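# Survey of secondary and tertiary structure
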Amino acid sequence: MNRYIGKIKKGLVSLCLTGALLVSSVAVAALPEIIGLKELQPGMWGTGYTVIDASGEIRPFDVQVVGILGDNSKMSAKRILVNLSGPLIEETGGAISGMSGSPIYFNGRLAGALSAGYKDMYPTQRIMLTPIEDMLKIWDYPDTRNKTRMPQLDLAQMKAEREKFQADQEAKAKEGKEPAEEKAAEEAVAQSEEHEEQAGAEAQDEETVTDEEAATNEEAATNEEAEVESGSEAPLEHKTTYFASGFGAQGLKMLQSKMSPLGIQVDYDNTWDNGVSMMSARPNAVLQPGSPVGVAMSIGDFTFGSMGTVTAVDGNRVLAFGHSYTHRGNVNYFMTDADVISTIHGPTSGMKLGNVQGIIGRVNQDRQDGIGGILGQFPQTVPVIVTVHDKDTGREITYNTMVAYDEEVLAALAPVVVYSSINTTLDRQDASTASLQFSLRSSYGKDGLISRRNMFYDDGDVAKVAVTELNDILAVILGNKEKEADMLDLKVDVTIDKGRKTATLVSAVPSKQEVVPGEEITFDTTIKPYRGEKIKLSVPYKVPEHQQPGQLALDVHGGGLVNVAKILLAQQQAAEAGAKPAEEEPTVDVQLQNMLSSNCNNDIVIESTVEVPQNDAELKESIRQAQKLAKELAKNPQAVKKPNQKPVVNKLATDYIIENVIHTSVKVLEKK
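All values reported here derive from a predicted model rather than from experimental measurement.

### Quick look at the pairing of strand E1 (residues 45–50)
Among the six residues in E1, six count as buried, and that is most of the element. Across the two faces of E1 the burial is the same, with Trp45, Thr47 and Tyr49 and Gly46, Gly48 and Thr50 all buried. Note: E1 against strand E2 (residues 59–69), six bridges, orientation antiparallel. Paired with Gly48 across the bridge in E2 is Phe61. Across two bridges, the pairing between E1 and strand E4 (residues 103–106) is antiparallel. Bridged to Thr47 within E4 is Tyr105.

### So, the packing of aromatic side chains
By the definition in use, this model includes five aromatic pairs. Connected via pairs of aromatic rings, a cluster forms that spans Phe247, Phe302 and Tyr399. The ring centre of Tyr444 lies 5.0 Å from the NZ or CZ of Lys483, which sits over that ring. Its end group placed over the ring of Tyr656, Lys501 keeps NZ or CZ at 5.4 Å from the ring centre.

### Quick notes on the sheet that holds strand E28 (residues 550–558)
Strand order in this open sheet of five strands is E25-E32-E28-E29-E30, and the pairing throughout is mixed. At either margin of the open sheet sits one strand with a lone partner, and together these are strand E25 (514–515) and strand E30 (651–653). Inspection of the sheet shows E25 paired to strand E32 (residues 661–668) by two bridges, in the parallel sense. Each residue of the ladder has a partner; that of Val515, found in E32, is Val668.

### Topic: unusual backbone geometry
The backbone of His327 shows a phi angle near 60 degrees, a positive value even though the residue is not glycine. Along the chain, His327 falls in the loop between strand E13 (317–320) and strand E14 (329–337). Positive phi is not limited to glycine here, since Arg531 has a value of about 55 degrees. Within the secondary structure, Arg531 is located in the loop between strand E26 (520–529) and strand E27 (535–542).

### Brief notes about the packing of helix H7 (residues 248–259) against helix H8 (residues 407–426)
Remark: H7 packs on H8, axes separated minimally by 9 Å, with the N-to-C direction vectors making an angle of 170 degrees. It follows that H7 is roughly antiparallel to H8 by the angle criterion. Side by side, H7 and H8 meet where Gln250, Gly251, Met254, Leu255, Lys258 and Met259 of the first sit next to Ala411, Ala412, Leu413, Pro415, Val416, Tyr419, Ser420 and Asn423 of the second. A per-class count over the contact of H7 with H8 returns nine nonpolar, four polar and one charged.

### Some remarks on the environment of Asp489
Within the secondary structure, Asp489 sits in strand E23 (residues 489–498). Once you skip the residues sitting within four places of it in the chain, Asp489 turns out to touch Val382, Pro383, Ser439, Leu440 and Arg441. In this structure the side chain of Asp489 is engaged in a polar contact, spanning 2.7 Å, whose partner is the side chain of Arg441.

### With respect to the pattern of salt bridges
For the structure on display, the rule yields 23 salt bridges. Measuring nitrogen to oxygen at the nearest pair gives 3.4 Å for the salt bridge that ties Arg109 to Glu33. With Arg109 in strand E5 (residues 109–118) and Glu33 in the loop between helix H1 (2–23) and E1, the pair connects residues that are 76 residues apart, well separated along the chain. Under the relative-accessibility criterion, Glu33 is labelled exposed at 54%.

### Brief notes about the packing of H8 against helix H10 (residues 468–478)
Two numbers describe how H8 lies on H10: the axes approach to 9 Å, and their chain directions differ by 170 degrees. With respect to H10, the element H8 is oriented roughly antiparallel. On the side of H8, the interface is formed by Glu407, Leu410, Ala411, Ala414, Pro415 and Val418, while H10 contributes Leu470, Asn471, Leu474 and Leu478. Grouping the amino acids of the contact of H8 with H10 by side-chain chemistry returns eight nonpolar, one polar and one charged.

### Observations regarding the environment of Arg145
Structurally, Arg145 is set in the loop between helix H3 (132–135) and helix H4 (155–174). Sequence-wise, Arg145 and Gln365 are 220 residues apart; in three dimensions their C-alpha atoms are separated by 9.6 Å. Once residues lying within four places of it in the same chain are set aside, the contact partners of Arg145 are Arg328, Asn330, Val331, Asn332, Arg362, Asp406 and Glu408.

### Some thoughts on the pairing of E13
Of the strand pairs in this sheet, strand E12 (residues 303–314) and E13 are connected by four bridges, and their pairing is antiparallel. Following the sheet pairing, Asp314 is matched in E13 by Arg317. Connecting E12 to the antiparallel partner E13 that follows it, the hairpin turn spans two residues, and Gly315 within it adopts a positive phi of roughly 70 degrees. The sheet contact formed by E13 and strand E18 (residues 370–375) spans four bridges and is antiparallel.

### As for the sheet that holds E27
Taken together, four strands build an open sheet; the order of strands is E27-E26-E24-E31 and the sheet is mixed. Lying at the two open borders of the sheet, with one neighbouring strand each, are E27 and strand E31 (657–658). Of the strand pairs in this sheet, strand E24 (residues 502–510) and E26 are connected by seven bridges, and their pairing is antiparallel. Bridging from a neighbouring strand, Ser507 pairs with Thr526 of E26.

### A look at the confidence of the model for the protein
Averaged over every residue, the pLDDT of the protein is 79; the share at 70 or more is 70%. Mean pLDDT across the secondary structure elements of the protein bottoms out at helix H6 (residues 224–228), with 34, and peaks at E4, with 98. Contacts for the low-pLDDT stretch residues 1–27, under 50 throughout, to residues beyond four places or in other chains number 27 contacts. Predicted confidence for residues 187–234 stays below pLDDT 50, and this span has 51 contacts to residues more than four positions away or in other chains.

About the cut-offs
Residues numbered from 1 in each chain as written. Predicted model: local features only at pLDDT ≥ 70, side-chain atom pairs only at ≥ 80, totals over all residues. Heavy atoms only, no water. Buried < 20%, exposed > 50% of the residue type's maximum accessible area, 1.4 Å probe, protein only. Helix = DSSP H or I, 4+ residues; strand = E, 2+ residues; numbered from the N terminus. Pairing = 2+ DSSP bridges. Phe/Tyr/Trp six-rings, centres within 6.5 Å; stacked < 30°, edge-to-face > 60°. Lys NZ or Arg CZ within 6 Å of the ring centre and 35° of its normal. Axes fitted to C-alpha atoms, helices over the stretch in contact; angles between N-to-C directions. Parallel < 35°, antiparallel > 145°, perpendicular 65-115°, else oblique. Contact = heavy atoms within 4.5 Å. Nonpolar A, V, L, I, M, F, W, Y, C, P; charged D, E, K, R; others polar. Polar contact = N/O pair within 3.5 Å; in protein donor to acceptor, adjacent residues only side chain to side chain. Salt bridge = Lys/Arg side-chain N within 4 Å of Asp/Glu carboxyl O. pLDDT = per-residue confidence, 0-100.

Here it is as structure tokens:
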């Protein structure tokens, strides 16, 4: 009888709360009265709220308290153990992914958020709730994450300008003065270029915002699953749905490997394509407890993020999920709205399916007990623009993606975006050759610009090979221990040729057999393209100024080939000469210089061959040279690859990847 009366009371509370949610949808939401853990008792009935279908209706479900976990431990995260029931739960098959954050009320007072269940167990029983008392602390953490000096895109302003432009076009159309589509496109491109140039110029005048200017009241990061599992051996499963768009099967696999170090275990089989392309900004969006919400690291042609449920809203502040997304503390992610289409479920799990429509704010906290964000405030972003031209099919596609300005996220996601752009355009994995050029604007490089062009070949996945250099350079500048990279944008142009654009060196004949130190000559070089006719090229070579008289042995090789013997001998001679490696690693500028000045795969390079000393005199001379090199190595360990930091350019770029090495020589006469 008591339980029956409790059910009636619970139903009345549910009805009143549902009405309150609907009425308040036209106004700014406020934080309701909360109920603390000490007031919750086993057997109490409450109500949760979430959206499960395209109607968008925030529907109730029944909750009954089983007990409290971790209440007596300082180390464990406190959790409320409950059972779920009711028509909604019967329809979904239990607590499914996407329901994380669903607010739970007892007697009209907010207790917390649905957050996790036990993996491989039936999802209708023994579900975890995160107490609202712990979630509210999220709003008090400092927000100093990645405040770059570079000017950023104002999404709200862009939206207003786009609406004004569209309104002007409609007005002109009514007057019979509608401009041609080509002219409108040219104006849009010109406006975009003007915006970029202005952004680059203003970057020099921006004031630096440092992390030291804010408080650092950070908690030590702990593993939530390990904490909550005290008293239970079963692993937990967060009720959050990942969404991705544009990456394709191979791109998702790379995404999976890149996200793992960031704390995101992407379940490849349960990540759904939300079918979104470019999103609109909605600065005046309103969220309600129980409504779906998204957090995204990238949006646009390649979108990645997660969908959960709003727990509480207070003005423009939002709490959601009831557990972490990446558990990286103070973050800088997109907050998006979301539309639930339907749900699917199996015996032990299920998930919501839906779409992400617009950017509505910024997620700035990613903590153990949930995520926090700010409506109407947009994250700093880095546009990644990739143009891929497939010469086999004639397809040329440009992809536009905005990545949230977070250095670790950028380092992980940008190469995946480029890789997926290539794979999506090709729609094949076969023997292909890629010519890739990228330009990256940041606080590094001459005038803030880093550029690199190279060619790559692979018989199965050329996209994976083509992104290696970009991946390495991003890792260097975004992983700098001294300062932020202030990355502004990344542009990549890729041309793909079906088949193998490689060539072998056949011969290299010097224009003179006898030379003097410092003299410039050429080598008449013949290459044989794969299944093609021979091609003759002239490669320049300058004899070193301090070259000793005698026979000078030379290697003519492809730029992608490393003279391993030369490196090993230099290291051995340096060790024998007593060289001590530098204790500090090279600066980022030095590392970038070495990477950007390295030979390209399609270069023909001419350099001296390592020769083994034939007598005591040659041995002594080699030791003397090794001692000289040792001093350079002590200053810069990278010098072993390039003993002279400004080597004479003895190379020629070709249209083919050079695959081999041949040997030649000239006789050096004593300079008079």
